[in-house]
Amino acid sequence: MPDLNLVVAEIADEMRQRRDRGTVAHYIPELARVDPKHFGIAVVAADGTVATGGDAAMPFSIQSISKVFTLTLALGRYGDRLWRRVGREPSGSPFNSIVQLEREQGIPRNPFINAGAIAVTDLILSGHQPREALGEILSFMRFLADDADISIDETVAASEQRTGFRNAALANYMKSFGVLENPVDLTLGVYFHQCAIAMSCQQLAMAGRFLAQSGRNPSTGLQVIQPERARRINAVMLTCGHYDGSGEFAYRVGLPGKSGVGGGILAVAPGKASIAVWSPGLDAAGNSHLGRVALEALSRRMDWSIFGA
Ligand code: GLU
């Protein structure tokens, strides 16, 4: 078995030297200001070993990675009834596409494209004030990561709130089909704020442990969700976690993963490790370029692909 610390250090070193870094997301003005030179990686193995490299302790905007955690929360509250509101098939279209939504009567393809995530957030908001819904999401992140020092970057949230016209269109469209229960501006407000949660790779890899360990949070020994549910969330991450780059990610990395336009990726090696990488430059599908390259190297060197050696 290769030495995890050594492999992670090697990868961090290789990524530092790469020149191909992709392009930082520009449609959220605040994210456009992030330096593309950053690279961070953190791996929490099933035995508790933590291996980190590069900017692993620097917080970044988790953006769509938050969708994994809101899906988990909403499944906890609504169980399988959630799947009446949102599908679980890969979309094969960009993360903010409206065309598919029209064809499919306002039911988003999956919970990880923007429309689907907005529908999930709407479920979490129902029966609560936006502040309470956000408090619940944030407490859940802190509990999973075993770290109270996780917060929302208000500047990023405000930046997206000012410019998120496409998401407003998606939300209004779903509202017209009766898919959203709450006022559109309230649901969007919670959505923009959950996307603006700032976490480091270290914190994110800790928060993802329950998905690598059959639903158990190793800090408390408590079962966060049942093993079957963890398995299913991993399945949706594998098939839908990278928008229309999901096939390529599965092909190259071979692990369930969820990306965010902030340049982060949370990946899960079931039974083995929870992994977070961060490099702000994105590829054409809106996924971290070097993040994917680093995960491909890690999965190959550690022999972690779920598809076999
Ligand atoms: N807040 C972003 C948006 O809704 C999230 C997209 C992403 O991270 O892929 O556009």
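Above: the structure in question.
Keep in mind the model is a prediction, meaning the values are calculated, not measured.

Caption draft 1: Highlighting the site of the ligand. In the region of the ligand, 12 residues are neighbours, and Tyr27, Gln63, Ser64, Tyr191 and Tyr243 sit closest. Measuring from an oxygen atom of the ligand, one finds a side-chain N or O atom of asparagine 167 at 2.8 Å. At a separation of 2.7 Å, an oxygen atom of the ligand approaches a polar backbone atom of valine 261. Against a free-state accessible area of 290 Å², the protein chains account for coverage of 100% of the ligand. Judged by the proximity of its atoms to the pocket grid, the ligand belongs to the largest cavity. Taken together, the residues that form the shell around the ligand break down as six nonpolar, five polar and one charged.

Caption draft 2: Quick look at the packing of helix H1 (residues 4–17) against helix H13 (residues 289–302). Between H1 and H13, whose axes approach to 10 Å, the crossing angle comes to 150°. By the angle between their directions, the pair H1 and H13 is classed as roughly antiparallel. Considering only the axes of H1 and H13, their crossing is right-handed. Across the interface between the two elements, Leu4, Val7, Val8, Glu10, Ile11, Glu14 and Met15 from H1 touch Leu290, Val293, Ala294, Ala297, Leu298, Arg301 and Met302 from H13. A class-by-class count of the residues in the contact of H1 with H13 yields 11 nonpolar, no polar and three charged.

Caption draft 3: Seen up close, the pattern of salt bridges. Taken as a whole and assessed by the stated rule, the structure comprises 14 salt bridges. In this structure, the salt-bridge partner of arginine 77 is glutamate 136, at a minimum N-O distance of 2.8 Å. Placement of arginine 77 in helix H2 (residues 66–78) and of glutamate 136 in helix H5 (residues 130–145) is noted, with a sequence separation of 59 residues between them. Assessed through its relative accessible area of 30%, arginine 77 is described here as partly exposed. Take glutamate 136: its relative accessible area is 28%, and that puts it in the partly exposed class.

Caption draft 4: Quick look at the state of the cysteines. Tallied over the entire structure, the rule returns zero disulfides. There is no disulfide at cysteine 201, and the cysteine sulfur nearest it, in cysteine 195, is 18 Å away. With no disulfide of its own, cysteine 240 has cysteine 195 as its nearest cysteine by sulfur position, at a separation of 17 Å.

Caption draft 5: How the structure looks around the pairing of strand E10 (residues 264–269). The buried count for E10 comes to six of six residues, which makes it a mostly enclosed element. In E10, alternate side chains face the same way, and those of Gly264, Leu266 and Val268 on one face and Ile265, Ala267 and Ala269 on the other are all buried. Summarising the sheet, strand E9 (residues 257–259) and E10 pair through three bridges and their orientation is antiparallel. Of the residues in E10, the one forming a bridge with serine 259 is isoleucine 265.

Caption draft 6: Representation of the sheet that holds strand E6 (residues 197–199) within the structure. As summarised here, the arrangement of the three strands in space is E4-E6-E5, forming an open sheet in which the pairing is antiparallel. Strands with a single pairing partner mark the edges of an open sheet, and in this sheet they are strand E4 (60–61) and strand E5 (151–152). As defined by bridge partners, E5 adjoins E6 across two bridges and the pair is classed as antiparallel. Its bridge partner being in E6, isoleucine 152 is matched across the sheet by isoleucine 197.

Caption draft 7: Focus on the pairing of strand E2 (residues 40–45). Counting buried positions along E2 yields six of six residues, so the element is predominantly enclosed. On E2, burial covers both faces: Gly40, Ala42 and Val44 on one face and Ile41, Val43 and Ala45 on the other are all buried. Pairing of E2 with strand E3 (residues 50–54), which is carried by five bridges, proceeds in the antiparallel orientation. Bridging from a neighbouring strand, valine 44 pairs with valine 50 of E3. Here E2 folds back onto E3, and the loop between the two strands holds four residues, one of which, glycine 48, carries a positive phi near 95°. Pairing between E2 and strand E11 (residues 273–278): six bridges, direction antiparallel. Its bridge partner being in E11, glycine 40 is matched across the sheet by tryptophan 278.

Caption draft 8: Up close: the nonpolar core. In this structure, Phe69, Leu82, Ile197, Met199, Leu204, Leu211 and Ile233 are the most contacted members of the largest nonpolar core, which totals 59 residues. Considering each element in turn, this core owes the most residues, eight residues, to H5. Contacts of isoleucine 197, omitting those with residues within four sequence positions, involve Phe60, Ser61, Ile62, Ile137, Leu138, Met141, Ile150, Ser151 and Ile152. Counting 28 residues, the second largest nonpolar core, distinct from the first, contains Leu4, Leu255, Val293 and Trp304.

Rules of the game
- Residues numbered from 1 in each chain as written.
- Predicted model: local features only at pLDDT ≥ 70, side-chain atom pairs only at ≥ 80, totals over all residues.
- Heavy atoms only, no water.
- Near = heavy atom within 4 Å.
- Polar contact = N/O pair within 3.5 Å; in protein donor to acceptor, adjacent residues only side chain to side chain.
- Areas by Shrake-Rupley, 256 points an atom, 1.4 Å probe, with all protein chains shown as cover.
- 1 Å grid on protein atoms, 1.4 Å probe; cavity = no way out; pocket = protein on both sides within 12 Å on 5 of 7 lines; lining within 4 Å.
- Sits in = over half its atoms within 2 Å of the grid points.
- Nonpolar A, V, L, I, M, F, W, Y, C, P; charged D, E, K, R; others polar.
- Axes fitted to C-alpha atoms, helices over the stretch in contact; angles between N-to-C directions.
- Helix = DSSP H or I, 4+ residues; strand = E, 2+ residues; numbered from the N terminus.
- Parallel < 35°, antiparallel > 145°, perpendicular 65-115°, else oblique.
- Left-handed = near helix turned anticlockwise from the far one by under 90°.
- Contact = heavy atoms within 4.5 Å.
- Salt bridge = Lys/Arg side-chain N within 4 Å of Asp/Glu carboxyl O.
- Buried < 20%, exposed > 50% of the residue type's maximum accessible area, 1.4 Å probe, protein only.
- Disulfide = S-S within 2.5 Å.
- Pairing = 2+ DSSP bridges.
- Core = buried A, V, L, I, M, F, W, Y, C linked by side-chain atoms within 4.5 Å.

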